Amino acid sequence: MEGVVARLEDFEREAKQLIEAGAAKDQAAADRASDVANSIAEIEKKVTALHKVEKEPSLVAGRMIDRKWFPVRDRAAAIKADVKAKVVTPFLVQLRRDAEAEAERARELGVEEFLEQPKIGAGSIKRTVALRVKVSAKIVDYDTVINAVKDNAEVRELVQRLADGAARGGNPLPGSVRVETEIAT
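Counting from 1, residues in each chain are numbered in the order their sequence is written. Where local features are concerned, this predicted model is filtered to residues with pLDDT of at least 70; where side-chain atom pairs are given and counted, the filter is 80 or more; whole-chain, interface and lining totals use all residues. Computation of side-chain values covers all heavy atoms of the structure but excludes hydrogens and water.

Focus on helix α2 (residues 27-109)
Under the 1.5 Å per step criterion, the end-to-end length of α2 is only 97 Å for 83 residues, more than 12% shorter than the ideal 123 Å. In this scheme, the bend at a residue equals the angle between the axes fitted to the seven residues that finish there and the seven that begin there. Here a helix means four or more residues in a row that DSSP labels H or I, a strand means two or more in a row labelled E, and each is numbered from the N terminus. The sharpest bend along α2 comes to roughly 40°, located at K55, with the proline P57 sitting one to four residues further on. Each residue is placed in one exposure class: buried if its accessible area under a 1.4 Å probe, protein chains only, is under 20% of its type's maximum, exposed if it is over 50%, and partly exposed if it falls in between. Turning to α2, its buried residues number three or more, namely V36, S39, I43, V88, L92, V93, A99, A103 and A106. Residues of α2 that are buried make contact with α1 (2-21), β1 (121-122) and β2 (129-130). Expected helix span is given by 1.5 Å per residue-to-residue step, counting one fewer step than there are residues. Note on contacts: a residue pair qualifies if any of its non-hydrogen atoms lie within 4.5 Å across the two residues.

Quick look at the structure:
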């Protein structure tokens, strides 16, 4: 690691000098800058390879642990969700409806202030399961939603990535054109 970092620092100093000097004025300067960039690329490649080799045993061990535990975790999560959705939720919904009906009767009789608010939940150990409102959207007019979010930075980045991919594939999306930019590689 120390040797690789030392080599990189040497090339980094040279690269900074080249960058400060600006665009190459002759072939020799362009060749030298290219050689420095290629030497840095070799270091980058070596670091990537060494990192992969050093990290691989940890990744293999992690994947083995995941394969061992994730199926059990996922099974437990599915069973828990099923019990809550099919057994507890319907009961709690009915309990809430009954409480609302009782509150309405108490209002009609004028004894609302004497009505005790029931606790709507289930469970007697550890944690009580209660009803909560889950909010999500159902898109009913896709074009209107797209129009509403078209200026969102994340949407623009996603659209740009999609357009770039289509252009690289030779079929620019409608409303876009293929742009070719030369860069030194």
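Re the layout of surface pockets
A pocket, in this scheme, is an open set of points on a 1 Å grid over the protein atoms alone with protein on both sides within 12 Å along at least 5 of 7 lines, while a cavity is a set where a 1.4 Å probe fits but cannot get out; residues line either one if an atom lies within 4 Å of a point. Grid points are joined across faces, edges and corners, and a volume is the space filled by probe spheres set on the points. Approximately 360 Å³ is the volume found for the largest pocket. Lining the largest pocket are 16 residues, with Q160, A163, D164, A167 and S176 sitting closest to its centre. Class assignment for the residues of the lining of the largest pocket results in 9 nonpolar, 3 polar and 4 charged. When its volume is computed, the second largest pocket comes out at roughly 250 Å³. Taken together, K84, V88, T89, L92, R127, T128, V129, A130, L131, R132 and K134 make up the full set of residues lining the second largest pocket. Of all the secondary structure elements, the ones that give two or more residues to the lining of the second largest pocket are α2 and β2. By residue number, the principal contributor to the lining of the second largest pocket is α2, which donates 4 residues. Of the residues in the lining of the second largest pocket, the class split is 5 nonpolar, 2 polar and 4 charged. Amino acids are sorted into nonpolar (Ala, Val, Leu, Ile, Met, Phe, Trp, Tyr, Cys and Pro), charged (Asp, Glu, Lys and Arg) and polar (every other residue, Gly among them).

Structural notes on the nonpolar core
The set of buried Ala, Val, Leu, Ile, Met, Phe, Trp, Tyr and Cys residues whose side-chain atoms join them within 4.5 Å is what this entry labels a nonpolar core. Membership of the largest hydrophobic core is limited to 5 residues, which are V4, F11, A15, V36 and I43. Every element with two or more residues in this core is listed here: α1 and α2. By residue number, the principal contributor to this core is α1, which donates 3 residues.

Some words on α1
For α1, which comprises 20 residues, the first-to-last C-alpha distance of 29 Å matches the rise-based estimate of 28 Å (1.5 Å per residue) to within 8%. If you check which residues of α1 are buried, you get V4, F11 and A15. Down the axis of α1, the smallest arc covering the buried residues is 50°, so these residues share one side. Facing away from the buried side of α1 by more than 90 degrees, the exposed set consists of E2, Q17, E20 and A21. For α1, the secondary structure elements touched by its buried residues are α2. Two residues or fewer past α1, G22 is found with a positive phi of approximately 90°. The reported arc concerns the directions from the helix axis to the C-beta atoms and nothing else.

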